[in-house]
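Here is how the chains run, residue by residue.
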Amino acid sequence: MKKYSLKELLVFYFGIIVATIILIISFYMSYKVISAINKNTKSLTAINMKEADDILSIRLEEYEDLLYQLYTSEDMVEWAVNMNEGLDTAVTTSKLRRYLSSVLNSKDYIRSISVLFKGGTIITYDQLTPATYENTWIDNFSMTFDEFYADVNKDNKYHIYSTEFGNNFANKDNYLFHIAHRITNYKRVGEEYGIIIVSIDEALLEAVLDSVKNESESVVFLVGKEGRVISDNDKSHINVSVFDTTPTQEEKLGIYQRYIEKTYDKRISNRKFYLFSNMEYGWDIVYIYDDSEYMSSVSENVVHLFLISVVLLILSIYGVFKISGMLTKDIGLVVDGMQKTNEAGIPLKIEDAPTALEDVKLISTQYNDTLDRLYEAMEKERREEENTRNAELKMLEAQINPHFIYNTLDTINWMAIDKDEYDISNAINTLAIILRYAISNRNQIVTIKDEIDWLKKYVYLQQFRLKNKFVCNINADNDLYDIKIHKMMIQPFVENAVIHGFNAKRDEYRLRVGIYSADDRIFIEVEDNGKGLSKDMTDVINAGDPETIKEKVGVGMYNAITRLNMYSGGSANISIESREDAGTTVKISIPRID
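Remember, it's a predicted structure, so these values are computed and weren't measured experimentally.

Chemist: Tell me about the sheet that holds strand β11 (residues 470-476), and please be specific about residues and values.
Modeler: Spatially, the five strands line up as an open sheet ordered β11-β13-β14-β16-β15, and their pairing is mixed. Two strands bound the open sheet, and with one partner strand each, they are β11 and β15 (573-579). Ignoring which end each strand starts from, the neighbouring axes of this sheet average 10° apart. Where β11 meets strand β13 (residues 509-518), seven bridges bridge the pair, whose relative direction is parallel. Following the sheet pairing, Phe470 is matched in β13 by Tyr509.

Chemist: Now, about the sheet that holds strand β3 (residues 159-169): what can you tell me, with residues and values included?
Modeler: Pairing in this open sheet of five strands is antiparallel, and the strands run β2-β1-β5-β4-β3 from one edge to the other. Unpaired on one side and paired on the other, β2 (122-126) and β3 mark the two borders of the sheet. Within this sheet the neighbouring strands show an average axis-to-axis angle of 20°, counted without direction. Across five bridges, the pairing between strand β1 (residues 110-117) and β2 is antiparallel. In the strand pairing of β2, Val115 is matched with Ile123. Across the sheet, helix α3 (residues 89-104) lies against β1 and β2, angled at about 150° from β1, the strand it touches most.

Chemist: Outline the side chain of Ser114, supporting the account with residue identities and numerical values.
Modeler: Mapped onto the elements of the fold, Ser114 is located in strand β1. Separated by 3.3 Å, the side chains of Ser114 and Thr124 make a polar contact. Discounting chain neighbours no more than four positions away, the residues touching Ser114 are Ile123, Thr124, Asn135, Trp137, Ile195, Ile196 and Ile197.

Chemist: Can you explain the nonpolar core? Please cite residues and give values.
Modeler: Within the largest apolar cluster, 47 residues are counted, with the highest numbers of intra-cluster contacts made by Val494, Leu511 and Ile515. Ranked by residues supplied to this core, first place goes to helix α12 (residues 448-465) with seven residues. Excluding its chain neighbours within four sequence positions, the residues that come into contact with Val494 are Leu455, Tyr458, Val459, Leu511, Val513 and Val526. The next biggest cluster of nonpolar side chains, apart from the first, holds 46 residues, and it includes Met49, Leu96, Ile113 and Val208.

Chemist: An account of helix α16 (residues 555-568) is needed here, citing residue identities and associated values.
Modeler: Given a rise of 1.5 Å per residue, 14 residues ought to cover 20 Å, and the 20 Å separating the end C-alpha atoms of α16 matches this to within 8%. Those residues of α16 lying buried are Met557, Tyr558, Ala560, Ile561, Arg563, Leu564 and Ser568. Phi turns positive one or two residues past the end of α16, at Gly569, with a value near 65°.

Chemist: Give a description of a nonpolar patch on the surface that names residues and reports values.
Modeler: Together, Tyr13, Ile16, Ile17 and Ile21 make up a nonpolar patch on the protein surface, roughly 370 Å² of accessible area in all. Residue classification places Ile16 among the partly exposed residues on the basis of a relative accessible area of 41%.

Chemist: Just give me the short version of α3, but keep the residues and values in it.
Modeler: Helix length check: α3 (16 residues) gives 22 Å between terminal C-alpha atoms against 22 Å at 1.5 Å per residue, within 8%. Among the residues making up α3, those that are buried are Thr92, Leu96, Leu100, Ser101, Val103 and Leu104. Down the axis of α3, the buried side of the element spans an arc of 165°, and every buried residue falls inside it. Of the exposed residues in α3, the ones pointing more than 90 degrees away from its buried face are Ala90 and Arg98.

Chemist: Could you give an account of the confidence of the model for the protein, naming the residues involved and the relevant values?
Modeler: With 78% of its residues at a pLDDT of at least 70, the protein reaches an overall mean of 79. The spread of mean pLDDT over the elements of the protein runs between helix α8 (residues 321-339), the lowest at 61, and strand β5 (residues 194-201), the highest at 93. Contacts of residues 391-400 to residues separated by more than four positions or lying in other chains number one contact, the stretch itself having pLDDT below 50.

What counts, and at which threshold
- Residues numbered from 1 in each chain as written.
- Predicted model: local features only at pLDDT ≥ 70, side-chain atom pairs only at ≥ 80, totals over all residues.
- Heavy atoms only, no water.
- Pairing = 2+ DSSP bridges.
- Helix = DSSP H or I, 4+ residues; strand = E, 2+ residues; numbered from the N terminus.
- Axes fitted to C-alpha atoms, helices over the stretch in contact; angles between N-to-C directions.
- Contact = heavy atoms within 4.5 Å.
- Polar contact = N/O pair within 3.5 Å; in protein donor to acceptor, adjacent residues only side chain to side chain.
- Core = buried A, V, L, I, M, F, W, Y, C linked by side-chain atoms within 4.5 Å.
- Buried < 20%, exposed > 50% of the residue type's maximum accessible area, 1.4 Å probe, protein only.
- Expected span 1.5 Å × (residues − 1).
- Patch = residues over 30% accessible without salt bridge, like charges linked within 9 Å, V, L, I, M, F, W, Y side chains within 5 Å.
- Areas by Shrake-Rupley, 256 points an atom, 1.4 Å probe, with all protein chains shown as cover.
- Salt bridge = Lys/Arg side-chain N within 4 Å of Asp/Glu carboxyl O.
- Arc of directions from axis to C-beta.
- pLDDT = per-residue confidence, 0-100.

Laid out in structure tokens, this is it:
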């Protein structure tokens with residue numbers, strides 16, 4: 001048997017060991033780099049898709065705000081009345097078209113605005129036809145005029161209709177989606193006037209979705225809640241049905257996988273797809289990424305690492321102990337660096353090794369870059385958690401336990417009794433009752449008797465505060481005591497009378513609250529002989545426009561009137577009779593609650 005020298009054995013075994021180590025590290029780091037890139041790509045794609053979804057939501061809200069200005073406009077209500085009743089239709093049509101023109105040109109991607117009146121008349125301003133007064137898309141729409149009108153007019157909500165073919169104009173197929181709402185007169189909420197449709201170019205959706213793409217060969221499309229494609233670079237896919245039923249999120253993954261294989265099999269060879277679902281609007285953003293070029297680049301890097309490993313192996317054999325010692329040291333630094341963590345268990349960056357070979361430097365650089373991205377993500381998460389904690393702390397700081405208030409008032413009450421301050425004790429007890437009544441279930445429905453009992457305590461406390469500056473009479477028909485009413489509905493008007501009315505010079509102030517019923521309605525009167533209101537303020541309140549009341553009279557009166565209208569479904573009537581230095585009478589009429 002041939003005997004080998006120590007040198008040959010060292011070279012042989014060292015070569016095997018070094019070759020094995022180099023190959024293992026090369027493949028391990030390649031795997032780590034690929035995993036890190038895949039994770040980063042997935043994370044970046046998810047962020048891009050979330051940003052695109054946010055932008056889509058914001059853009060839709062912008063158009064909904066624009067539509068709100070249209071369907072709540074007093075001019076629009078007036079024009080609708082004229083068109084429905086056949087009054088000055090030519091003049092009205094001209095005014096309306098000029099108005100629609102100015103609104104349409106105020107925002108990108110709006111291609112048409114149409115107003116459908118209940119009588120069947122359609123007024124349109126359309127960019128997709130030489131004759132701007134013609135509506136070019138409704139004939140191609142999947143719903144008839146009557147179906148469309150009935151669907152929008154059935155409630156007081158926004159209706160969003162998925163993308164469909166609109167028309168062909170200037171040798172270009174135009175695809176539109178629509179946002180519609182019924183014309184609303186908040187002074188007469190239940191009255192029917194017509195509907196308004198804002199038609200938006202699908203190019204808006206496409207422009208937002210394109211921001212998701214990382215490279216030109218990728219594909220992104222949008223699927224509506226009905227399961228149809230509503231935006232795609234390939235317009236032939238628009239309105240294609242992906243699913244008919246309402247699948248679960250897990251079922252969607254399989255459905256989209258089959259749809260992508262069927263639709264994009266020849267175009268995208270190495271498919272990876274990502275799905276982002278918006279629960280509010282019900283749409284899905286699907287992003288298909290072709291990673292063939294990326295995998296080819298990774299393969300080249302693996303080959304390069306392998307060739308470098310071979311060169312290093314030859315050099316290690318040639319240099320034996322010198323090179324092996326250097327490699328052992330450098331690789332040890334990399335491995336040790338990967339294993340180092342701080343007190344929180346977070347990996348530390350690898351320190352630079354000036355004498356390290358280039359491939360080891362490349363490994364450490366890639367690892368450090370990966371850690372940098374990890375640190376950034378962790379820092380971002382830390383800031384978000386800190387912001388969340390700060391917000392929660394502020395909310396907690398802003399809360400006061402009602403039991404603390406009641407217990408404190410009870411303690412003060414006993415202190416007053418110990419001092420024989422019975423007036424103060426009565427005031428404190430009354431305040432505790434008032435607070436308990438006001439804090440618990442503020443919008444609760446109570447009986448008129450409960451409301452009157454509480455109101456008397458509230459008035460007592462005001463009299464105590466103002467040193468009996470006024471007298472108050474509260475009268476109600478006995479048969480009304482069990483009738484239901486919303487809690488604290490009368491109090492704002494009583495408070496208005498006491499605070500704003502009783503600040504003039506008068507020998508005696510009087511406050512009267514009367515409650516009676518007739519014709520299934522409840523009538524409430526709050527009368528005082530205070531300083532009264534000016535005619536201008538009285539006219540503003542009696543006109544009934546909430547925004548004008550808020551601007552010229554005050555937020556308190558605005559809130560009280562708005563609350564009454566909310567509770568009564570818009571059927572409350574409020575009127576004020578007042579003369580300066582003579583007093584004010586507030587008359588309220590609300591429907592009875594069965």
